[in-house]
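Next come the chains, spelled out residue by residue.
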Amino acid sequence: MNAVTGQTRPADFHVGVATSPAGAASADTDPVATDPVATETVAASADGPASILSLLLPAGSAIVGTAVRAGFGAAVLAGTRQIPPQRAASAGTENQDWLWLLHDDSAPEPTALEELLHAVERAPSVTVAGAKQVAWHDRKKLENVGLSISRWAERLPLIDADELDQGQHDSRSDVFAVSSAGMLVQRTAWDELGGFDPVLPGVGGDVDFCWRNRLAGHRVVVVPAVVVRHADFPSDAAATPRAARRAEVYLRLKHSIFWKVPFLAAGAVIGGIARLLFGLLAKDPGYGAGQLLASCAGVARPLDLVRGRRSIAQTRTMSRSVVRALRTSRREVWSHRRSVLHALSTGAELRHPAAHAGNISPGGSDGFAGQIDSRRPWVGFGAVACFGILLAASLVGLSGLVGAPALAGGAILPLPQSPAELWASASAWWIPLGAGFAGHGSAFSYVLWLLSVLGFGDGNAAVPALVLLAMPLAGLAAWFGAGALLGRRACAARGDRQWAARRTRGTRPPAAGGAGNVPCRRGGCRAGR
């Protein structure tokens, strides 16, 4: 709160918004409304009741409460209603109200508001300006310098996961979006666009607002001279991967061309299923299930989606293609993901900035020892090449399985004809053996049910495809493991091939043109054609 009230360019009015289940206990946002001639502020705290706000904010500040589930946009909307009407402008001048939005876990530096106002005064076409975000406990660690999205509306911070601030991004200006922590918004643009979308109470609201602002013909800039310290709390449910996935899917459908919406919705659900399978393979079923549920939640908002698309149509004055140049290219997206994987593999605590606050050496250096080794444990081209080679070897060696309607024999039994039968088998509480007895179905039947869904209702057709993919998938897993241990592409590729060969040792294809046997450790597997 001292960071808000201690600005070199003080705000003329403060509004504190306290969020709680009852609407008056704790706060989730610190919105601040400012005017280049007459400034106003809104502030709040998440650690105490609304009475604390009245003690910390300047005298005469307004305090208002909202429900905790209402989200950041609703809190700002409630705060703006408390701001007095705009004062009349002097002769030959024009007043403009500005809203300065801050989170309760962010603290701007003393000159932040002054620098933001100077930036928007120099460029009248700018209606949204943002700040450089740094870690709370480490001023040198960057969080973001503007935001962007991929072609699938994935939120991207435009920096590497472990990047330090050396002024390398201080020349950046026009960006796709800026974070809502420290965002300066022109009041007329805020009212014109209707504020943040209430469907996005957590992550994604700032990206959506800047996206609509761009389509309305206005500019969005980041001002690197403005620094805001930001602490992301791991317990914040609004910033979880599940919430990010839900916002990503919703934004993808909201801002796409109308005829693409059904295909994107179906693709989002299929992508959720794929993420669930990857979560199971990575032994993190909770994450995979959360991604699938979030994908379905992002699609299952048809009324909200219609209202959102209608609001875009009412305010849009530019073509959708105007934002394409500001999107992140596929190459940069993969580069960012590699940096995240590298940071995770080296044990970087991305969500706990305090963990590397002590990395600065006592000799005065900036502690770049952790960045000397630029090798990555995973390189996209090599992994894709090995996967393709092993897939080709699998198709040639097991060509008899290509197009096979089913695979059975030994321990592999034919699956039921429909996913409903598989689900009933997995969730059954009665075992029909003999006279029958109470029991539960096999948990593996749920995995078989997923195979049946991926096979468009025919699980028997999905089993041969899974067997064909066994070798390249095993090789891809070996690539990750060898790359993390050895850090060299050649060694990773060699381990990739050897592991894939060992996993498929002793298999041979059935005779071409008819049924054949594929020996395995548990017995022969028969592929019928």
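In this text, all values refer to a predicted model and were calculated from it rather than measured experimentally.

Colleague: Got a sec to walk through the overall build of the protein chain? Specific residues and values, please.
Modeller: For the protein chain, the count of helices and strands is 16 helices and 16 strands. Per-residue burial for the protein chain yields a buried fraction of 44% across its 529 residues. Considering only residue pairs separated by 6 or more positions, the protein chain has 72% of its internal contacts joining residues 24 or more positions apart. With an accessible surface of roughly 26500 Å², the protein chain has 60% of that area assigned to carbon and sulfur atoms.

Colleague: With reference to specific residues and values, describe the pairing of strand β10 (residues 183-186).
Modeller: Burial along β10 is two-sided: the residues M183 and V185 and L184 and Q186 are all buried. Where strand β4 (residues 98-103) and β10 come together, four bridges link them in antiparallel fashion. Note on β10: the bridge partner recorded for L101 is M183. Note that strand β6 (residues 126-135) and β10 share two bridges and pair antiparallel. Bridging from a neighbouring strand, A129 pairs with L184 of β10.

Colleague: Before we move on, can you summarise the confidence of the model for the protein chain with the specific residues and values?
Modeller: Averaged over all residues, the pLDDT of the protein chain is 74; the fraction at 70 or higher stands at 71%. With pLDDT under 50 throughout, residues 348-379 is counted as low confidence; its partners more than four residues away or in other chains account for 47 contacts.

Colleague: Tell me about a nonpolar patch on the surface, and please be specific about residues and values.
Modeller: Together, I257, F258, W259 and F263 make up an exposed nonpolar region whose accessible area comes to about 520 Å². Mapped onto the secondary structure, W259 falls in the loop between α7 (241-254) and α8 (261-281). Accessibility expressed as a relative area gives 53% for W259, which makes it exposed.

Colleague: Lay out the packing of aromatic side chains in plain terms, naming residues and giving numbers.
Modeller: We describe a pair of aromatic rings using the distance from one ring centre to the other and the angle between the two ring planes. All told, the structure shown has six aromatic pairs when counted by the stated rule. Taken together, a centroid distance of 5.2 Å and an interplanar angle of 65° make the contact between W190 and F196 edge-to-face. The same class applies to W190 and to F196, which are both buried. Three or more aromatic residues link up through ring pairs in this structure, and these residues are W190, F196 and F209.

Colleague: Explain the pattern of salt bridges residue by residue, including any values.
Modeller: All told, the structure shown has 16 salt bridges when counted by the stated rule. E109 is the partner of R139 in a salt bridge, and the nearest nitrogen-oxygen pair spans 2.9 Å. Of this pair, R139 sits in the loop between β6 and β7 (142-144) while E109 sits in the loop between β5 (106-108) and α4 (112-122), and the two are 30 residues apart along the sequence. With its nearest N and O atoms 2.8 Å apart, the salt bridge here joins R252 to E248. In this pair, R252 and E248 both sit in helix α7, four residues apart, roughly one turn of the helix. Residue classification places R252 among the buried positions, given a relative accessible area of 10%.

Colleague: I'd love a proper account of the environment of V396, names of residues and values included.
Modeller: With respect to the helices, strands and loops of the structure, V396 is situated in helix α12 (residues 380-397). For V396, a relative accessible area of 66% corresponds to the exposed category. Spatially, the C-alpha atom of V396 lies 9.9 Å from that of L468, the residues being 72 residues apart in sequence.

Colleague: Outline the packing of α7 against helix α9 (residues 285-299), listing residues and values.
Modeller: Their axes nearest at 8 Å, the elements α7 and α9 cross at an angle of 30°. The orientation of α7 with respect to α9, classified from their angle, is roughly parallel. You can see that α7 and α9 cross each other, and the crossing is right-handed. Residues P241, R242, R245, R246, V249, Y250 and L253 of α7 form the contact with α9, whose own contacting residues are Y287, G290, Q291, L293, A294, S295, A297, G298 and V299. Broken down by class, the residue content of the contact of α7 with α9 amounts to nine nonpolar, four polar and three charged.

Colleague: Please give an account of helix α6 (residues 205-215) that cites residues and values.
Modeller: In terms of residue burial, α6 counts as a mostly covered element, since 11 of its 11 residues are buried. Looking one or two residues past α6, G217 carries a phi angle of roughly 95°, positive in sign.

Colleague: I'd love a proper account of unusual backbone geometry, names of residues and values included.
Modeller: The phi dihedral of L158 falls on the positive side, at around 65°, and the residue is not glycine. By the secondary structure assignment, L158 is in the loop between β9 (155-156) and β10. With a relative accessible area of 28%, L158 lands in the partly exposed category. Phi is positive for K283, close to 60°, though the residue is something other than glycine. In this structure, K283 sits in the loop between α8 and α9.

Colleague: So what about a positive patch on the surface? Which residues, and what values?
Modeller: On the surface, R151, K260, R324 and R330 cluster together into a positively charged patch. In this fold, R330 is placed in helix α11 (residues 330-345). Its relative accessible area of 57% is what places R330 among the exposed residues.

Rules used throughout
- Residues numbered from 1 in each chain as written.
- Predicted model: local features only at pLDDT ≥ 70, side-chain atom pairs only at ≥ 80, totals over all residues.
- Heavy atoms only, no water.
- Helix = DSSP H or I, 4+ residues; strand = E, 2+ residues; numbered from the N terminus.
- Buried < 20%, exposed > 50% of the residue type's maximum accessible area, 1.4 Å probe, protein only.
- Contact = heavy atoms within 4.5 Å.
- Areas by Shrake-Rupley, 256 points an atom, 1.4 Å probe, with all protein chains shown as cover.
- Pairing = 2+ DSSP bridges.
- pLDDT = per-residue confidence, 0-100.
- Patch = residues over 30% accessible without salt bridge, like charges linked within 9 Å, V, L, I, M, F, W, Y side chains within 5 Å.
- Salt bridge = Lys/Arg side-chain N within 4 Å of Asp/Glu carboxyl O.
- Phe/Tyr/Trp six-rings, centres within 6.5 Å; stacked < 30°, edge-to-face > 60°.
- Axes fitted to C-alpha atoms, helices over the stretch in contact; angles between N-to-C directions.
- Parallel < 35°, antiparallel > 145°, perpendicular 65-115°, else oblique.
- Left-handed = near helix turned anticlockwise from the far one by under 90°.
- Nonpolar A, V, L, I, M, F, W, Y, C, P; charged D, E, K, R; others polar.
- Lys, Arg positive; Asp, Glu negative; His and termini not counted.
- Charge placed at Lys NZ, Arg CZ, Asp CG, Glu CD.

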